[in-house]
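Analysis of the macromolecular model
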Amino acid sequence: MRAVSYISVFLVKYLFNTRYRLAAFTRRSNTFNKIVRKTMFDGDDMIVIPKDNVVKRTVSVDISVDDAGETTVLPSEVVKRLIDRADDIFIMNFCLCRKSNGCDDYPVDRGCVFLGKGVHKIPPKYGHMATREEAVAYIDECTDLDLVHIIGRNKLDSIWLQTGDKKDLMTICNCCPCCCLWNMTRNISADIGGLFKRMEGVSVTMDADRCIGCGSCSEICFCKAVKIEEGHFSIDQSLCRGCGRCVESCPAEAITITYDESKIDGAVQRIGGLVRLSDKV
């Protein structure tokens with residue numbers, strides 16, 4: 001089993017830089033799209049968690065911005081609550097996407113966190129079992145390194161890691177804007193791309209009067225949802241996943257990300273129901 005997993009890593013690294021072409025072909029061929037969805041994405045459900053430091057400044061609840069950091073339930077709470085439910089936790093010692101892409105801008109040695117019984121099939125060479133406390137601290141560390149969390153069930157991970165039933169593995173990606181596998185959202189068919197979602201209750205808006213047309217938002221957007229055309233900002237809401245990087249990068253503070261913190265419990269329940277995280281649940 002471990003030999004197969006090592007081969008899978010080699011193949012993923014080899015094929016990684018063809019992902020945009022393969023994704024684009026799902027739009028041109030309905031047959032190819034159906035095959036790819038069934039074999040690689042069947043049952044997937046991934047959500048992007050907005051950056052906490054952005055929503056501290058722009059929150060949708062009825063409190064002042066100055067008090068937001070102390071009183072608001074931050075989006076990363078979704079990740080931490082799911083970690084708290086898990087009996088089995090594995091921290092990868094490398095990010096396959098950044099390793100495959102030869103990333104120089106973000107740490108390659110900060111990989112995914114996996115939850116569920118499937119982690120016991122991951123080769124020890126790839127990382128180590130962790131406590132809940134260690135995993136939460138690791139998530140905070142990845143946040144400080146400017147990585148965005150994406151959490152849910154991702155069949156591709158159960159395939160390349162050979163962990164068995166897709167209900168036995170939950171993925172917490174810690175993504176950079178340059179190397180994330182889900183960058184292919186802008187190329188792939190709408191039905192596959194729709195499995196990779198904005199977090200419930202998250203909205204991204206812009207103030208056209210404040211926009212200075214600098215283009216910093218379009219450069220950082222990993223889904224290419226943001227564009228500057230004739231000096232003006234526009235956002236494709238169907239592509240935007242609400243990570244908040246554009247808000248953070250905008251020098252004119254023309255972009256706002258808000259979220260309804262009452263949706264936190266619903267997100268935890270929905271995503272938590274995708275994978276068997278504990279024998280007690």
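Here is a short report on the structure shown in this document. (Residues numbered from 1 in each chain as written. Predicted model: local features only at pLDDT ≥ 70, side-chain atom pairs only at ≥ 80, totals over all residues. Heavy atoms only, no water.)

Brief notes about the pairing of strand β1 (residues 45–48)
- In β1, alternate side chains face the same way, and those of Asp45 and Ile47 on one face and Met46 and Val48 on the other are all buried.
- The pairing of β1 with strand β5 (residues 148–153) spans four bridges and is classified as antiparallel. Across the sheet, the residue bridging to isoleucine 47 is isoleucine 151, located in β5.
- Pairing between β1 and strand β7 (residues 196–198): three bridges, direction parallel. The partner of methionine 46 across the bridge, within β7, is phenylalanine 196. (Buried < 20%, exposed > 50% of the residue type's maximum accessible area, 1.4 Å probe, protein only. Helix = DSSP H or I, 4+ residues; strand = E, 2+ residues; numbered from the N terminus. Pairing = 2+ DSSP bridges.)

Considerations on the packing of aromatic side chains
- Within this structure, the stated rule accounts for six aromatic pairs.
- Pairing tryptophan 182 with phenylalanine 196 gives two aromatic rings, centres 4.7 Å apart and planes at 15°, and the pair type is stacked. Of this pair, tryptophan 182 sits in the loop between β6 (170–175) and α10 (190–193) while phenylalanine 196 sits in strand β7, and the two are 14 residues apart along the sequence.
- Since its relative accessible area comes to 1%, tryptophan 182 is described here as buried.
- Grouping aromatic residues by their ring pairs yields a cluster made of Phe41, Trp182, Phe196 and Phe222.
- When the ring centre of phenylalanine 94 is taken as reference, the NZ or CZ atom of lysine 99 above it lies at 4.6 Å. (Phe/Tyr/Trp six-rings, centres within 6.5 Å; stacked < 30°, edge-to-face > 60°. Lys NZ or Arg CZ within 6 Å of the ring centre and 35° of its normal.)

A closer look at the environment of methionine 46
- Structurally, the position occupied by methionine 46 is in strand β1.
- Residue methionine 46 is classed as buried on the basis of its relative accessible area, which comes to 0%.
- As for methionine 46 and lysine 197, which are separated by 151 residues in sequence, their C-alpha atoms are 6.0 Å apart.

Topic: the environment of valine 78
- Within the secondary structure layout, valine 78 lies in helix α6 (residues 77–85).
- Residue class for valine 78 comes out buried when judged on its relative accessible area of 0%.
- C-alpha of valine 78 to C-alpha of isoleucine 271: the two residues are 193 residues apart in sequence and 9.0 Å apart in space.

Quick look at helix α13 (residues 264–272)
- Here α13 has its buried residues at Ile264, Ala267, Val268, Ile271 and Gly272. Along the axis of α13, the buried residues cluster in a sector spanning 115°; they form a single face.
- Where α13 is buried, its residues contact β1, α6, β5, β6 and β11 (255–259). (Arc of directions from axis to C-beta. Contact = heavy atoms within 4.5 Å.)

Describing the sheet that holds strand β2 (residues 89–92)
- If you walk across this open sheet you meet the seven strands as β4-β2-β3-β6-β5-β1-β7, and the pairing is mixed. Looking along the sheet, the strands with just one partner apiece sit at the ends: β4 (127–129) and β7. Direction aside, the axes of adjacent strands within the sheet are offset by 20° on average.
- Across three bridges, the pairing between β2 and β4 is antiparallel. Each bridged residue has a counterpart across the sheet, and for methionine 92 the counterpart in β4 is glycine 127. (Axes fitted to C-alpha atoms, helices over the stretch in contact; angles between N-to-C directions.)

Section: the pattern of salt bridges
- Taken as a whole and assessed by the stated rule, the structure comprises 17 salt bridges.
- Between glutamate 248 and lysine 51 there is a salt bridge, with its nearest N and O atoms 3.6 Å apart. A residue pair is termed long-range when its members are at least 10 positions apart, and glutamate 248 in helix α12 (residues 245–249) and lysine 51 in the loop between β1 and α4 (52–55) qualify at 197 residues.
- On the basis of relative accessible area, glutamate 248 is assigned to the partly exposed category, the value being 30%.
- For glutamate 77, the salt bridge identified is with arginine 81, shortest N-O distance 3.3 Å. Of the two residues, glutamate 77 and arginine 81 both sit in helix α6, four residues apart, roughly one turn of that helix.
- Judged by relative accessible area, glutamate 77 falls into the partly exposed class, the value being 29%.
- A single salt-bridge network, built from bridges that share partners, covers Asp45, Lys197, Glu200 and Arg270. (Salt bridge = Lys/Arg side-chain N within 4 Å of Asp/Glu carboxyl O.)

Observations regarding the nonpolar core
- Ranked by internal contacts, the top residues of the largest apolar core, which has 89 residues, are Phe41, Met92, Phe114, Leu115 and Ile151.
- Residue contacts for leucine 115: discarding those within four places in its chain leaves Leu82, Ile83, Ala86, Asp88, Ile89, Asp168, Leu169, Met170, Ile172, Val275 and Leu277. (Core = buried A, V, L, I, M, F, W, Y, C linked by side-chain atoms within 4.5 Å.)

A look at the side chain of aspartate 44
- Looking at where aspartate 44 falls in the secondary structure, it is placed in the loop between α3 (30–40) and β1.
- No salt bridge forms around the buried aspartate 44; measuring N to O, its nearest opposite-charge neighbour arginine 153 is 5.5 Å away.
- Among the polar contacts listed, one links the side chain of aspartate 44 to the backbone nitrogen of lysine 155, at a separation of 2.7 Å.
- Non-local contacts of aspartate 44, meaning those with residues more than four positions away in its chain, are made with Arg153, Asn154, Lys155 and Leu195. (Lys, Arg positive; Asp, Glu negative; His and termini not counted. Polar contact = N/O pair within 3.5 Å; in protein donor to acceptor, adjacent residues only side chain to side chain.)

Description of the packing of α6 against α13
- Remark: α6 packs on α13, axes separated minimally by 9 Å, with the N-to-C direction vectors making an angle of 45°. Considered as vectors, α6 and α13 are oriented oblique to each other. Two packed elements cross with a definite hand, and for α6 against α13 that hand is right-handed. Contacts from Val78, Arg81, Leu82 and Arg85 in α6 reach Ile264, Asp265, Ala267, Val268, Gln269, Ile271 and Gly272 in α13. (Parallel < 35°, antiparallel > 145°, perpendicular 65-115°, else oblique. Left-handed = near helix turned anticlockwise from the far one by under 90°.)

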